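# Structural overview
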Amino acid sequence: MDAEPGLSDQYRMASPWPVFVALGIPIAELGIIFGLFPLSVGGLLLFGGSAAGMAFESGYAKTPWRGLFGVAVPLAALGAAFVFTAIDLPDRGIAIAAAAAILAAAGIAGTLFSPTEAPEY
Amino acid sequence: MEVNGQLALTVLMGLFLVAVAAWLARVENWRSYTPVAGGGAFGQKESYGSEEKPSGVIRWLTTVDHKDIGILYGAYGLTAFAVGGLMVVVMRIELIDPGMSLISNTFYNSLMTSHGITMLFLFGTPIIAAFANYLVPLLIGADDMAFPRINAIAFWLLPPAALLIWAGFFPLPNVIPAQTAWTMYTPLSAGAGAGNQANAGVDLMLLGLHLSGVSATMGSINFIATIFTERGDDVSWANLDIFSWTILTQSGLILFAFPLLGSAMVMLLFDRNFGTTFFAGEGGAILWQHLFWFFGHPEVYILVLPPMGIVSYVIPRFSGRRLFGFKFVVYSTLAIGVLSFGVWAHHMFATGMDPRLRASFMAVSLAIAIPSAVKTFNWITTMWNGRVRLTTPMLFCVGFVSNFIIGGVTGVFLASIPIDLVLHDTYYVVGHFHYIVMGAIAFAGFAGLYYWFPLYTGRMYQKTLGKAHFWLSMIGTNVTFFAMILLGYGGMPRRYATFLPQFATLHQVATVGALLLLIGQIIFVWNFVQSWLEGPEVEDGDPWNLRDSGLYTAEWDWYDKKLETAIADGGETDDAAEPMLTDGGDVDDAADE
Amino acid sequence: MANKIFDRDTLLDLTVNVVPLFIMAFFVVAFAVFSPFGIDPLASSIQFGLLAVPFVLLAILTYFAGKAVAGAELRGEVYLPGQAGVRGAEPLEETEHGEAELDAGTSTAAVEGEADERDAADESAASEEETTDEADAGDTNADDDAETEAADDATDDEAN
């Protein structure tokens, strides 16, 4: 965690991501409980994107893109569970799966098209 | 109509996400070109004044500094304390009169539910996290928490949690506040029957509670990792301070208790919304109680152990002596931690469970009284023949011990099955646990706030106001809650907005006590805010003269170092790590507030 | 090893947790001897389990906590709790297991009953003095495990 040389010392003191990770979770929960498709998807995107961004920023991942897959895969599994198992909540499952798909797509796009190793943000 | 609503929501959500992305891009840019996060705001503060405020806010939104997060937790906890306190003032005023006079019975139930949840989850846990975040890294010689970003996430989950828990009170269409009491017993909380608790307000409250549980769990993992791995070279298990010990134990409890609550609440949400039947029927109701109290009793110790740590930490400083039997306190803290998971069903003696099980729960409940009594003994013995200085934090600590004895002894009686069956669900129970949560936990919180006030504000509070706050709180607490114990002996049941006229006098006495408490807390807020803004600045790192008695500790030494570097002001770089910390955090802080 | 760590003072400190253990053990015996509600396979096994599980867990935790604390005392300098990080902090003069906390230092409050404890503390302090005085934690924290090496390496310790 610590002892990263140079600028990272300052980066340790401030990070824009946590507040959005924290915001993504309740939005997604609200959306899933009350069956509000846009909130479910949007909240999960916010959560997944911020989590990936944070993993990148703190040096756990070299790029944010694979982190997006890392979020997308469990979400896809969860969405599939909602649709295909005895839980049987297809609408909500599709919302979760949709969020997973968008995150994965963003991950693919980022991997393919990002100009340098260090992405713009 | 339906489709339009969905469309509008989609557009709003999309706009929001785009705005977030844009803002993130901007902030990241801003950060790469600004040498020190927040430093720019500080440097330009004098010349630009209020124009620099946005970057001041961004600093608080983006901080991962444990001290900033501690301040945020503290501000949050005190805000919640004010909200929960004002709620109960309304309730106590309603209870002056036996009938329904000021507010409706349903609104009383709503306030009662929210008061409990607010005080336990939005005030109690966060205010402890405030102290822990600010102090534990300083005390154990760590640079920061082990996972600073997780720390920030844990905090930022709390404001949404509060909004969801209080959602029923906001003017939202078709949403009413939950009236389930903080225990959320099914079938009422499952929305069954003819009541109004199938309302979305209850779902929102459960979600909010779930979030606060996630937050507490993240925080606890962070504390465990920090205390195990980030200790300074000289800080071994043999000289770890008592506050960190209690935080470590508390974090262990949180780690085992809160995920269970979270799971139980997800099950309850499924029961309410998706037609599952986890908690349906008689067995389901008991299942909920078991799950809830398997969390709920450790929660009691989650709330009380760190305050005990604060008291164990502060009392020796003003007694001029080391803590008597330091290791007794440490080991008994650990004992409480383990045993607290073995007593949960003493909340359920009246449910008609098998008498054999009941007897076992009683036995462990009696056993857990020993470690608590050991601590009380140690606190008293520490003060015995010491050079006691009755400063405000010390007064609150002494008040803690006094109230804890009353609250604890009444609790031992409740742990005994025959007595519990008589007193169950009466005001005796209310009086008992308020002696602990208000008389002890909140008192220790105040002790900590006053004791470390110079540390986090750089200023000193006003002594006279502090003492007025203490005495009003002490008298108010005892008047209010002793009246409740007497009401319980008289048979007054809990949770009712109306009561038989024979209880009126004692209820009025309790209300007078509550109003005393209110006045005391108003004084506290005044003192706190005014002293933070205008109090006399603390000149050295030893405002309590601890060096004289050899009881100086690491956090004050850190503060002393900070003062030295701040005064030198020559841009010296010999101690590169420290100015960095202070720049981002506290120097700015002092200018900001 | 175990004998060395769990000397008399440490055991004395741990008595605080023996009391609740004793209470639970007492009730196990009591319920076994005297069972007013009869014996039922399921209910009785839960009944005893509810006492036995906390008993075992508490015993284990107490053992490991005692080992960690007493072991750390042997390995490194012992400061007053919360003082290890203070600049120029002086470690406690002797390894005073029980005594350190009991002694008020400046006050005249000699606690009654301390006298006999002091004897015990002196015995062990005599043997441990060498180890702790020489082992400067600041110099030797790299090798946590080897306490004897630590003592050898750190002969040139200064007051930190």
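Anything mentioned here points back to the structure above.
These notes cover the structure that comes with them. Counting starts from 1 at the beginning of each chain's written sequence and moves along it residue by residue. Both sets of labels track the order of writing: A upward for chains, 1 upward for ligands. Only residues with pLDDT of at least 70 get local features here, since the model is predicted, and only at 80 or more are side-chain atom pairs given and counted; chain-wide, interface and lining totals rely on the full set of residues. As a rule here, side-chain values come from all non-hydrogen atoms in the structure, and water together with hydrogens is ignored.

### A word on the packing of aromatic side chains
Residues and elements named next belong to chain B. Only the six-membered ring of Trp is used, alongside the rings of Phe and Tyr, when aromatic pairs are assigned; centres must lie within 6.5 Å, and planes under 30 degrees apart are stacked while those over 60 apart are edge-to-face, with the rest tilted. One pass over the full model with this rule turns up 63 aromatic pairs over all chains. Measuring from ring centre to ring centre gives 5.1 Å for Phe258 and Phe295, while their planes differ by 70°; the resulting arrangement is edge-to-face. Of this pair, Phe258 sits in helix α9 (residues 242-273) while Phe295 is found in helix α10 (residues 281-319), placing the two residues 37 residues apart along the sequence. Assessed through its relative accessible area of 0%, Phe295 is described here as buried. Between Tyr428 and Tyr489, the ring centres sit 5.1 Å apart and the planes meet at 55°, which makes this aromatic pair tilted. Each helix corresponds to a stretch of at least 4 residues labelled H or I by DSSP, and each strand to a stretch of at least 2 residues labelled E; elements are numbered beginning at the N terminus. Any residue under 20% of the maximum accessible area for its type is buried, any over 50% is exposed, and the rest in between are partly exposed; the area is computed with a 1.4 Å probe on protein chains only.

### Some details on the environment of Ile370 of chain B
Examined against the element boundaries, Ile370 of chain B turns out to sit in helix α12 (residues 355-383). Taking the C-alpha atoms as reference, Ile370 of chain B lies 9.4 Å from Ala335 of chain B; in sequence the two are 35 residues apart.

### Things to note about the side chain of Arg358 of chain B
Residues and elements named next belong to chain B. Checked against the element boundaries, Arg358 lands in helix α12. A residue counts as positive if it is Lys or Arg and as negative if it is Asp or Glu; His and the chain ends are not included. For this analysis, a salt bridge means a side-chain nitrogen from Lys or Arg found within 4 Å of a carboxyl oxygen belonging to Asp or Glu. The side chain of Arg358 is buried and forms no salt bridge, while Asp420, the nearest opposite charge, is found at 7.6 Å. Residues adjacent in sequence count toward polar contacts only when both atoms are side-chain atoms; beyond that, a polar contact is any pair of N or O atoms within 3.5 Å, and within protein one must be able to donate a hydrogen and the other to accept it. Within the structure, the side chain of Arg358 is placed 3.1 Å from the backbone oxygen of Phe349, a separation counted as a polar contact. Other than its neighbours up to four places away in sequence, Arg358 contacts Phe349, Met353, Ile417 and Leu421. The contact rule is simple, with two residues in contact once any of their heavy atoms fall within 4.5 Å.

### Notes on the nonpolar core
Residue and element names in this part refer to chain B. By convention a nonpolar core is built from buried Ala, Val, Leu, Ile, Met, Phe, Trp, Tyr and Cys residues, the set being connected through side-chain atoms within 4.5 Å. Among the nonpolar cores identified, the biggest contains 249 residues, and Trp245, Phe400 and Trp452 are the most heavily contacted of them. The leading source of residues in this core is helix α5 (residues 105-140), at 21 residues. In this structure Trp452 touches Phe131, Leu135, Ile310, Tyr313, Glu555 and Trp556, once residues within four positions along its chain are discounted.

### Re the interface of chain B and chain A
It is common to report an interface's size as the accessible area lost on association of the parts. Contacts between the two partners involve 47 residues from chain B and, on the opposite side, 41 residues from chain A. For the pair chain B and chain A, the summed buried surface comes to about 4000 Å²; carbon and sulfur atoms form 75% of the total. Applying the counting criterion to the chain B and chain A interface returns one salt bridge. For the pair chain B and chain A, the number of links is three residue pairs in polar contact (both at pLDDT 80 or more). Only α1 (2-33), α3 (53-62), α6 (148-156), α7 (158-165), α8 (200-229), α9 and α20 (577-584) of chain B provide two or more residues apiece to the side of chain B that touches chain A. Of the residues forming the side of chain B that touches chain A, the biggest block, 13 residues, is contributed by α1 of chain B. Side-chain classes follow a simple rule in which Ala, Val, Leu, Ile, Met, Phe, Trp, Tyr, Cys and Pro form the nonpolar group, Asp, Glu, Lys and Arg form the charged group, and the remainder, Gly included, forms the polar group. Of the residues assigned to the side of chain B that touches chain A, the class counts are 31 nonpolar, eight polar and eight charged. When two parts are put together, the accessible area they lose, computed with a 1.4 Å probe and summed over both, is reported as buried area.

### Examining the interface of chain C and chain B
On the chain B side, the residues contacting the 59 residues of chain C number 54 residues. For the pair chain C and chain B, the summed buried area comes to about 4800 Å², and 68% of that belongs to carbon and sulfur atoms. The partner of Asp13 of chain C in a salt bridge is Lys327 of chain B, and the shortest N-O contact between them spans 3.6 Å. At the surface where chain C touches chain B, the tally comes to 14 residue pairs in polar contact (both at pLDDT 80 or more). For the side of chain C that touches chain B, the secondary-structure elements that each account for two or more residues are α2 (8-33), α3 (41-75), α4 (99-102) and α6 (137-140) of chain C. Tallied by class, residues from the side of chain C that touches chain B come to 37 nonpolar, 15 polar and seven charged.

That's the geometry; what it means functionally is another story.
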